[in-house]
Amino acid sequence: MSARAKLLVSEAWRSLGANLSTTIAATMTVLIGMFLLGLFIALGSWTVSWSNHVKKELVVKVYFDGHPAATAAQKTALVRRLEQSPYVKPGGIKYISSQQALEIMKKRYPDLTRDLTSNPFPAELEVTPNKAENVDNLYHFIVWPQKPPGVDTVNDGKRVSHRILQVAHVIEVVFILATLVLLVASILLISNTIRLSIFSRRREIEVMKLVGATNWFVRGPFMLEGLFTGVIGALLAIFFLILGKAIALPAILPHLSTDPTVHAWPFPLVALILLGMGLGLGALGSGVTIRRFLQV
């Protein structure tokens, strides 16, 4: 490390100790901003993942005739036609026989199916769209211009699917807007705290300028101070998030979805984002704010 760099680091470190109250204020501001941002990223990304999982469960069910039963040729023809549809997910056609449908219903509703003397359930196809938004298009592809031979009914759960899509879209929009609002609020809060910290030391800056210090020589220690406070605040936020994850998450998890595909962003990624944000906001906020005080 060069003598100039050592001087900047030592000056920044000395200023941190000499102005302990403003240093603590800036660090706590970064801590609060980054903690709230990390908490919201975790909760918001989990919610978006859950909505995507729910959208993937939207299917169109094609029930075949039972009396008289649809022929194998009719079922094969429909499957081949669906395989050529632009709205069907690759490998998203699942055939469920009449016996399999009965077994599924016995597992789901054992009380209702206990006394059945015959199998009332027809064979069916569960067709998954390539995109949840294509549920309606897939339904119309199947029934237009008329229902295929051997098909009794086609059910796309229109009301439920539309409600799920609306809720999923609202969740995604709210997550994006709230993240932006929280990010802007954190930037403004941290910048104002740094501005107040520098304003309280404006005489010190004026003296340095009067004795001939260059703008970058004056700005350097303040930027390093901002970097130090940003890193410390972000690390403290990460520590409290880890603590909250260890204490609160076990009590919350049983009430959330247990599907392994539903998850928040990986914690190391969230920690890296917070650390980068704390670093950038601290250094950039100090460097930009001090510009107005560099003119004596």
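It should be noted that the structure appears before, not after, this text.
These numbers were taken from a predicted model, which means no experiment stands behind them.

Caption draft 1: Expanded view of the overall build of the protein chain. For the protein chain, the count of helices and strands is 10 helices and four strands. Secondary structure elements of the protein chain occur, N-terminal to C-terminal, as α-α-β-α-β-α-α-β-α-β-α-α-α-α. Taking all 296 residues of the protein chain together, 35% fall into the buried category. Put simply, 85% of the contacts in the protein chain that link residues at least 6 apart link residues at least 24 apart. Of the roughly 17600 Å² of accessible surface on the protein chain, a fraction of 66% belongs to carbon and sulfur atoms.

Caption draft 2: Seen up close, the sheet that holds strand 3 (residues 124–129). Pairing is antiparallel across the open sheet formed by four strands, whose spatial order is 2-3-1-4. Every other strand in the sheet has two partners, leaving strand 2 (88–96) and strand 4 (151–155) as the edge strands with one partner each. Adjacent strand axes in the sheet meet at a mean angle of 15° when their direction is disregarded. The sheet contact formed by strand 1 (residues 60–64) and strand 3 spans four bridges and is antiparallel. Each residue of the ladder has a partner; that of K61, found in strand 3, is E126. Relative to strand 1, helix 6 (residues 135–143) is tilted by about 25°, and along the sheet it contacts strand 1, strand 2, strand 3 and strand 4.

Caption draft 3: Summary view of helix 3 (residues 72–83). Taking 1.5 Å per residue, 12 residues should reach 16 Å; helix 3 reaches 17 Å between its end C-alpha atoms and fits that length. Those residues of helix 3 lying buried are K75, L78 and L82. Projected down its long axis, helix 3 shows its buried positions confined to an angular sector of 65°, all on one face. Facing away from the buried surface of helix 3 by more than 90 degrees, the exposed residues are A72, A73, R80 and E83.

Caption draft 4: Structural context of the pattern of salt bridges. The full count for this structure, using the stated rule, is four salt bridges. For K55, the salt bridge identified is with E133, shortest N-O distance 3.6 Å. Placement of the pair is K55 in helix 2 (residues 20–56) and E133 in the loop between strand 3 and helix 6, with a sequence separation of 78 residues. The residue E172 makes a salt bridge to K55 at a minimum N-O spacing of 3.3 Å. Taken as a pair, E172 in helix 7 (residues 158–199) and K55 in helix 2 lie far apart in primary sequence, 117 residues in all. Taking relative accessible area as the criterion, E172 reaches 23% and is therefore assigned partly exposed. Residue K55 is classed as buried on the basis of its relative accessible area, which comes to 12%. Connected through shared salt-bridge partners, K55, E133 and E172 make up one network.

Caption draft 5: Main features of the packing of aromatic side chains. In total, this model carries two aromatic pairs according to the counting rule given. Seen in terms of ring centroids, F40 and F175 are 6.0 Å apart; in terms of plane orientation they differ by 15°. Their pairing is stacked. Separated by 135 residues along the polypeptide, F40 in helix 2 and F175 in helix 7 bring together distant segments of the chain. Judged by centre distance (5.4 Å) and plane angle (65°), the ring pair of F239 and F240 falls under edge-to-face. Over the ring of F64 we find K75, and its NZ or CZ is 5.5 Å from the ring centre. We note R81 situated over the ring of F141; from NZ or CZ to the ring centre the distance is 4.7 Å.

Calculation notes
Residues numbered from 1 in each chain as written. Predicted model: local features only at pLDDT ≥ 70, side-chain atom pairs only at ≥ 80, totals over all residues. Heavy atoms only, no water. Helix = DSSP H or I, 4+ residues; strand = E, 2+ residues; numbered from the N terminus. Buried < 20%, exposed > 50% of the residue type's maximum accessible area, 1.4 Å probe, protein only. Contact = heavy atoms within 4.5 Å. Areas by Shrake-Rupley, 256 points an atom, 1.4 Å probe, with all protein chains shown as cover. Pairing = 2+ DSSP bridges. Axes fitted to C-alpha atoms, helices over the stretch in contact; angles between N-to-C directions. Expected span 1.5 Å × (residues − 1). Arc of directions from axis to C-beta. Salt bridge = Lys/Arg side-chain N within 4 Å of Asp/Glu carboxyl O. Phe/Tyr/Trp six-rings, centres within 6.5 Å; stacked < 30°, edge-to-face > 60°. Lys NZ or Arg CZ within 6 Å of the ring centre and 35° of its normal.

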